[in-house]
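Here is how the chains run, residue by residue.
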Amino acid sequence: MGIGVWVSRRIRTEEHYLVAGRSLGYGLTTFSVFATWFGAETIVGAAGSAYRDGLTPASAEPFGYGLCLILMGALFAVPLWRRRLTTLADLFAQRYSAGVARFAAIILIPSSVLWAAAQVRAFGQVLATTSPGLDVSTAVGLAAGFVVAYAVFGGLLADAITDVVQGGVLVVGLVVLGVAVVVHLGGPEASVEAVRAGGGLRLTSDPSASWLVTLEAWAIPVLGSVVAAELVARVIAARSPTVARRSVLMGGGLYLAIGLVPVFIGLAAPVLVPALGLTLSDAEQLVPSVAQALLPTVLHALFIGGLISAILSTVDSTLLVASGLLSHNVIVPMLGAPSERTKVRIARAGVAGFGLVAYLLAMGAEGVFALVEEASAFGSAGAVVTICFALFTSWGGPRTAYATLALGLLAYVGGGVAALPYPFLLSIAVALATYVLGALIETPTERARTPMQPASGP
């Protein structure tokens, strides 16, 4: 909180608030990517999922989101940086039209708010687990209030600086807990045996399941998040395209390495839980409960600090991105030419407003991981297809982009309402078919009006 308040005094323009003046170096960018991506779902949700369902080919955490980061660094980071964007929706304005940018912003915002809600709920789970007598509903309310206050102040620069602190505490806290679990189980060999005894490693969760189940499970984190607005914000805030690419790749590697710790704890839980005498009302309380049972007070405090760091470093990013999309791409253009001070005030008000929405969603959600899956999949099919064509081809104009974004979203929502087994794959297929068909039937006049924008910058 102190860092956020200190940095806030340096914020003078919208560009400083939303993209840190495009000044982030390797350290800030790498740890910001890692800490933003390594949220509560990676610790609380992934461990709970591994405990309930084991580790199967359909288990996409942490591997799917790690692959997502690597794919971003390898393919998208440099082209996106060279566009000199302020928000992801600016790409749609450059390539298609201002109207498409506003429409894209409206579709992208719910994903960020859902992700923020997942972090708020996880914060509430931590408070409820570590504070006897505090129910989850009250804990979620307290968590939301603190998170919103924290997120409003310093914009992306404060976010990046605190990510370095939070990322370091997170890594140390998880490593300490992982070592404590291995020691309690009797060493590395005994830990491997505990995972085997728990039956968590399986070739498939259901022998009769289609390969499409696995493809759907991996497509959501990889395709649904590879151009997520939170990740793009870090890329475009880097000081050079080389820094952007290498930092995202390093962040992805760190994510995969540290993400294996909660998965290991979840796989060993069938042995750990009875041995520790734990009574879990929710599998998502597994990691905080194991930490409380195994660690002495000082180390337990360190771990809880790491868990809260993971939550804060993600939620401030998601609220900031949602606010940036609304303020920069929707509200500010409607106001004409407001001052930079007014733009910053609008962005800060958006952070507070979306924080309230995230709290309401967190109160009504079934669990952390369910919220994250919705955040990754909602509206992302049309966005990822449109962004790929926008960056790498001159195909498609505004009407094609509108149709792809709309039909991709409708296909996902409709697939969910109809309880279809693979709604995200369906939405990707519909979005891809819509864009290709729309580009083919465009008139020569439309094609002439929408050339591929040249890359700017070094």
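All values derive from a computational prediction rather than experimental measurement.

## Side note on the overall build of the protein
Here comes step 1: The secondary structure content of the protein amounts to 21 helices and zero strands.
Here comes step 2: Here the protein holds 458 residues, and the buried ones make up 57% of them.
Here comes step 3: Pairs at least 24 residues apart make up 85% of the contacts formed inside the protein by residues separated by at least 6 positions.
Here comes step 4: When the accessible surface of the protein is summed, it comes to about 17,300 Å², and 67% of that surface belongs to carbon and sulfur atoms.

## Observations regarding the nonpolar core
Here comes step 1: One finds W37, I43, M72, L80, L177 and F303 to be the most contacted residues of the largest nonpolar core, which totals 139 residues.
Here comes step 2: Looking at which element gives the most residues to this core, the answer is helix α7 (residues 98–130), with 17 residues.

## As for the environment of L440
Here comes step 1: Locating L440 in the fold gives a position in helix α20 (residues 423–440).
Here comes step 2: For L440, a relative accessible area of 55% translates into the label exposed.
Here comes step 3: Separated by 45 residues in the primary sequence, L440 and W395 have C-alpha atoms spaced 8.4 Å apart.

## A look at α20
Here comes step 1: Between the first and last C-alpha of α20 there are 26 Å, a value that for 18 residues agrees with the 26 Å anticipated at 1.5 Å per step.
Here comes step 2: Those residues of α20 not exposed but buried are P423, F424, L425, S427, I428, A431, T434, Y435, G438 and A439.

## Some details on the environment of T314
Here comes step 1: Mapped onto the secondary structure, T314 falls in helix α15 (residues 297–335).
Here comes step 2: Taking the C-alpha atoms as reference, T314 lies 7.3 Å from F38; in sequence the two are 276 residues apart.
Here comes step 3: If we ignore the near neighbours within four places in the chain, the residues touching T314 are A35, T36, F38, G39, W115 and Q119.
Here comes step 4: Only 2.7 Å separates the side chain of T314 from the backbone oxygen of T36, close enough to count as a polar contact.

## Considerations on the pattern of salt bridges
Here comes step 1: Tallied over the full model, the rule gives five salt bridges.
Here comes step 2: Measuring nitrogen to oxygen at the nearest pair gives 3.8 Å for the salt bridge that ties D163 to R234. Here the residue D163 occupies a position in helix α9 (residues 155–185), and R234 occupies one in helix α12 (residues 229–237), the gap between them amounting to 71 residues. Judged on exposure class, the residue D163 and its partner R234 are both buried.
Here comes step 3: Among the charged side chains, a network of salt bridges with common partners joins D159, D163 and R234.

## Some points on the packing of aromatic side chains
Here comes step 1: Inspection of the entire model under this criterion finds eight aromatic pairs.
Here comes step 2: Plain terms: the ring middles of F103 and Y402 are 5.7 Å apart, the flat faces sit at 50° to each other, and that makes the pair tilted. Placement of F103 in helix α7 and of Y402 in helix α19 (residues 398–417) is noted, with a sequence separation of 299 residues between them.
Here comes step 3: What makes F103 partly exposed here is its relative accessible area of 26%.
Here comes step 4: Through pairs of rings, three or more aromatic residues link up here, namely F34, F38 and Y255.
Here comes step 5: Cation over ring: R84 sits above W81, and NZ or CZ is 5.0 Å from the ring centre.

## Things to note about the side chain of T30
Here comes step 1: Structurally, T30 can be placed in helix α3 (residues 26–37).
Here comes step 2: A residue is classified by how much of its surface remains accessible, and T30, at 9% relative accessible area, is buried.
Here comes step 3: Setting aside residues up to four positions removed in sequence, T30 forms contacts with S247, M250 and G251.

## So, unusual backbone geometry
Here comes step 1: Even without glycine at this site, R22 takes up a positive phi of about 50°.
Here comes step 2: In this model, R84 sits at a positive phi of 60°, which is unusual for a non-glycine residue.
Here comes step 3: The residue R84 is located in the loop between α5 (63–81) and α6 (89–95) in this model.

## Section: the confidence of the model for the protein
Here comes step 1: Overall, the predicted model of the protein reaches an average pLDDT of 84, with 90% of residues at or above 70.
Here comes step 2: Segment residues 451–458: pLDDT under 50, and 20 contacts once partners within four positions in sequence are set aside and those in other chains are kept.

## Thoughts on the packing of α3 against helix α13 (residues 241–276)
Here comes step 1: Contact geometry of α3 with α13 gives a least axis separation of 8 Å together with a crossing angle of 40°. It follows from the interaxial angle that α3 and α13 lie oblique. The way α3 lies across α13 gives a crossing that is right-handed. Of the residues in α13, those touching α3 at Y26, T29, T30, F31, V33, F34 and W37 are T242, V243, R246, S247, V248, M250, G251, L254, Y255 and I258.
Here comes step 2: Residue composition of the contact of α3 with α13, grouped by class: eleven nonpolar, five polar and one charged.

Parameters and conventions
For every chain, the first residue of the written sequence is number 1, and numbering continues from 1 along that sequence. Note on the predicted model: pLDDT of at least 70 is required for a residue's local features to be given, and 80 or more for side-chain atom pairs to be given and counted; whole-chain, interface and lining totals, by contrast, use all residues. Calculated side-chain values reflect all of the structure's heavy atoms, with hydrogen atoms and water omitted. In this text, helices come from DSSP runs of H or I with a minimum length of four residues, and strands from runs of E with a minimum of two, each type numbered from the N-terminal end. Note on exposure labels: buried denotes an accessible area under 20% of the residue type's maximum, exposed denotes more than 50%, and partly exposed covers the range between, all computed with a 1.4 Å probe on protein chains only. Working rule for contacts: check all heavy atoms of both residues, and any pair within 4.5 Å makes them a contact. Here the Shrake-Rupley method, with its probe set to 1.4 Å, supplies the accessible areas, and only the displayed protein chains count as covering residues. Here the nonpolar core consists of buried residues drawn from Ala, Val, Leu, Ile, Met, Phe, Trp, Tyr and Cys, with membership extended through side-chain atoms lying within 4.5 Å. Every helix has an expected span of 1.5 Å times one less than the residues it contains. Two N or O atoms form a polar contact when they lie within 3.5 Å of each other; inside protein one atom must be a possible hydrogen donor and the other a possible acceptor, and for residues adjacent in sequence the pair counts only when both atoms belong to side chains. The salt bridge definition used is simple: a Lys or Arg side-chain nitrogen within 4 Å of an Asp or Glu carboxyl oxygen. Each aromatic pair joins two rings of Phe, Tyr and Trp (for Trp, the six-membered one) with centres within 6.5 Å, and gets the label stacked for planes under 30 degrees apart, edge-to-face for over 60, and tilted for any other angle. By definition here, charges over rings are those cases where NZ of Lys or CZ of Arg is within 6 Å of the ring centre and within 35 degrees of the ring normal. Values of pLDDT, which run from 0 to 100, indicate the predictor's confidence residue by residue. Working convention: axes come from line fits to C-alpha atoms, limited for helices to the stretch in contact. Angles between N-to-C directions cover 0 to 180 degrees. Any angle that is under 35 degrees is reported as roughly parallel, and any over 145 degrees as roughly antiparallel; angles of 65 to 115 degrees are reported as roughly perpendicular and all others as oblique. Take the far helix as the reference: if the near one is turned anticlockwise from it by less than a right angle, the crossing is left-handed, and if turned clockwise, right-handed. By the convention adopted, Pro, Cys, Tyr, Trp, Phe, Met, Ile, Leu, Val and Ala count as nonpolar, Lys, Arg, Asp and Glu as charged, and the other residues, Gly among them, as polar.

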